[in-house]
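Working through the structure, step by step
Take a look at the letters that make up each chain.
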Amino acid sequence: MHADRIQDPRPGQKSAAAWSREAFEQQLRARGPSYHIHHPFNAMLNSGRASAEQVRGWVANRFYYQIAIPIKDAALLANCPDREVRRGWVQRILDHDGFELGGVRDEGGIEAWLRLGEAVGLAREELHDLRHVVPALRFAVDAYVNFVRRAPWQEAVCSSLTELFAPEIHQQRLATWPAHYAWIEPTGLDYFRNRVGQARRDVEQGLALTLAHFDTRALQERALEVLQFKLDILWAMNDALATRYGLDAA
Ligand SMILES: O=C(O)c1cc(C(=O)O)c2c(n1)C(=O)C(=O)c1cc(C(=O)O)[nH]c1-2
C-alpha cells in the first residue's frame, strides 16, 4: 500500500464521531449473522439430522466450555476493581458452579450439563475426564479464557456479549430436540430451560456496561472487534466438532 494511504485516518476510525448508544447497540446486534447458531454443525444438530454419536460428541465437547466459563468469570472479577460490577458479575459463577446458602441449594449449570450428558448416554466420568474433547475445541475455549485473563475487564465484559444471541439458540434446542431426539430424556434439557432467563439477565448487565464504557468511536470499533473475536471462538468450536464428527448423520 502507498505510504500516503497508511497515514490517512481509516474511515470509521479515529476521526469519526461516536455512535449514539442506540446505534452502537445496533452495530453489536448486527453481528448476529456470525453467531454459531448459523454454523452447519449447529444447523445439523437443531434440525434433527445429527446421529446419537454426533449429539454425544457435541455434549461431551461443550462440557469443556461449561467448566471454563466460571474460571473465565473469576478471571474477570480478579481484574475488576469496581465493587458494584463484581457484585453483579459474581452471580455468573454461582449460576454455573451452584451454591448452598441460607438453606437454599442450587446445583448449578455444570451439574445440569452432567445430567444432559447422562440423558444422551454419557457417563459423568466421560465428561469429567475430557476424553472426548477435540484439541482444536480446547484451544478455542482456552483462547477465550486467556483473552479474559489479559484484557481490560471492560473488554472481557464485552466478549460475553455473544449471549445477546444465546436465548434464541437455547430456545431452538428446546423447540426441536424433543421431537427429533425422542431417545433423550426431556429433563436432560433443563440446562437450556434455565439459560434462557439467565442469558437475558447476563446480557442486560453486560450490555449496560459495554454501552457506558465504549463511548468513543475508536472504543466502539474496538468493542466490535472483541465481539467478533468471541463469535469466532464459538464458530471455531463448531468447526472442530464438524471435523471430528462430520456434518451428516452416519
Ligand atoms: O449454547 C450456546 O450456544 C451458548 C452460547 C454462549 C455464548 O454465546 O457464549 C454461552 C452459553 N451457551 C452458555 O450456556 C453460557 O453459560 C454462556 C456464558 C457465556 C459467556 O461468554 O460468559 N457465554 C455463554
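The residue numbering used here restarts from 1 in each chain and proceeds along that chain's sequence as written. Note on the predicted model: pLDDT of at least 70 is required for a residue's local features to be given, and 80 or more for side-chain atom pairs to be given and counted; whole-chain, interface and lining totals, by contrast, use all residues. With hydrogens and water set aside, each side-chain value is computed from the structure's full complement of heavy atoms.

Overview of the overall build of the chain
For the record, the criterion: The helix count covers DSSP runs of H or I at least four residues long, the strand count covers runs of E at least two residues long, and both are numbered beginning at the N terminus. Both definitions apply: the radius of gyration is a C-alpha atom measure, and the globule rule equals 2.2 Å times residues to the power 0.38. For each residue, the accessible area found with a 1.4 Å probe, counting protein chains only, is set against the maximum for its type, and the residue is called buried under 20%, exposed over 50%, and partly exposed in between. Contacts are residue-level and defined by heavy atoms, with any inter-residue pair within 4.5 Å sufficient. For accessible areas, the Shrake-Rupley method is used with a probe of radius 1.4 Å. Any residue's cover is judged against the shown protein chains and nothing else. Within this scheme the basic residues Lys and Arg register as positive and the acidic residues Asp and Glu register as negative, but His and the chain ends are omitted. Lys charges are placed at NZ, Arg charges at CZ, Asp charges at CG and Glu charges at CD.
Tallying secondary structure elements over the chain gives twelve helices and two strands in all. Secondary structure elements in the chain, listed N-terminal to C-terminal, are α-α-α-α-α-β-β-α-α-α-α-α-α-α. The C-alpha radius of gyration of the chain comes to 19 Å, within 12% of the 18 Å expected for a compact globule of 250 residues. Buried positions account for 49% of the 250 residues belonging to the chain. Pairs at least 24 apart in sequence give 79% of the contacts found in the chain among residues at least 6 apart. Surface exposure of the chain reaches about 12200 Å², of which carbon and sulfur atoms provide 52%. One finds the centroid of the 30 positive side-chain charges in the chain at a distance of 2 Å from the centroid of its 32 negative side-chain charges.

Some points on the nonpolar core
So the rule is basically this: Within this scheme, the nonpolar core is defined by two criteria: the residues are buried Ala, Val, Leu, Ile, Met, Phe, Trp, Tyr or Cys, and they are joined through side-chain atoms within 4.5 Å.
Membership of the largest hydrophobic core comes to 77 residues, with the highest contact counts inside it found for Leu28, Val55, Trp58, Trp113, Leu137 and Trp177. When near neighbours in sequence (up to four residues on either side) are disregarded, Leu28 contacts Leu161, Leu164, Phe165, Leu207, Thr210, Leu211, Leu224 and Leu227.

Quick look at the UniProt feature "domain: Thiaminase-2/PQQC" (unreviewed entry) in the chain
Defined as follows: UniProt positions are given in the numbering used here, feature names are shortened, and annotations may be inferred rather than shown by experiment.
Sequence positions flagged by UniProt for "domain: Thiaminase-2/PQQC" (unreviewed entry) are, in local numbering, residues 33-239. Secondary structure content for residues 33-239 is 73% helix and 3% strand, while the C-alpha to C-alpha distance between its ends is 16 Å.

A closer look at the site of the ligand
What counts is decided by this rule: Working definition: residue near molecule or strand if any one of its non-hydrogen atoms lies within 4 Å of it. Within this scheme a cavity is a closed region of a 1 Å grid, computed over the protein atoms alone, that accommodates a 1.4 Å probe without allowing it to escape, whereas a pocket is open but has protein on both sides within 12 Å along at least five of seven lines; lining residues each have an atom within 4 Å of a point. In this scheme, a molecule is assigned to a cavity or pocket if more than half of its atoms are within 2 Å of the grid points.
Close to the ligand lie 18 residues; Arg62, Tyr65, Lys72, Tyr144 and Tyr191 are nearest. When isolated, the ligand has an accessible area of 470 Å², and the protein chains bury 99% of it. Counting atoms within 2 Å of the grid points, the majority share of the ligand lands in the largest cavity. At the level of secondary structure, the elements contributing two or more residues to the shell around the ligand comprise α4 (52-79), α10 (166-180), α11 (190-213) and α12 (217-245). Per-element tally for the shell around the ligand: the top contributor is α4, with four residues.

Thoughts on the layout of surface pockets
Where empty space is left in the structure can be found by rolling a water-sized probe over the atoms. Which entries qualify depends on this criterion: Grid points are joined across faces, edges and corners, and a volume is the space filled by probe spheres set on the points. Here the term charged refers only to Asp, Glu, Lys and Arg, the term nonpolar to Ala, Val, Leu, Ile, Met, Phe, Trp, Tyr, Cys and Pro, and the term polar to all other amino acids, Gly among them.
Taken as a whole, the largest pocket holds about 230 Å³ of empty space. As for the largest pocket, its lining consists of 18 residues, of which Gly108, Ala112, Arg115, Asp190 and Asn194 are closest to the centre. Where the lining of the largest pocket is concerned, the elements lending two or more residues are α5 (83-97), α6 (108-119) and α11. When residues of the lining of the largest pocket are assigned to their parent elements, the largest contribution, six residues, is made by α6. Of the residues in the lining of the largest pocket, the class split is three nonpolar, seven polar and eight charged.

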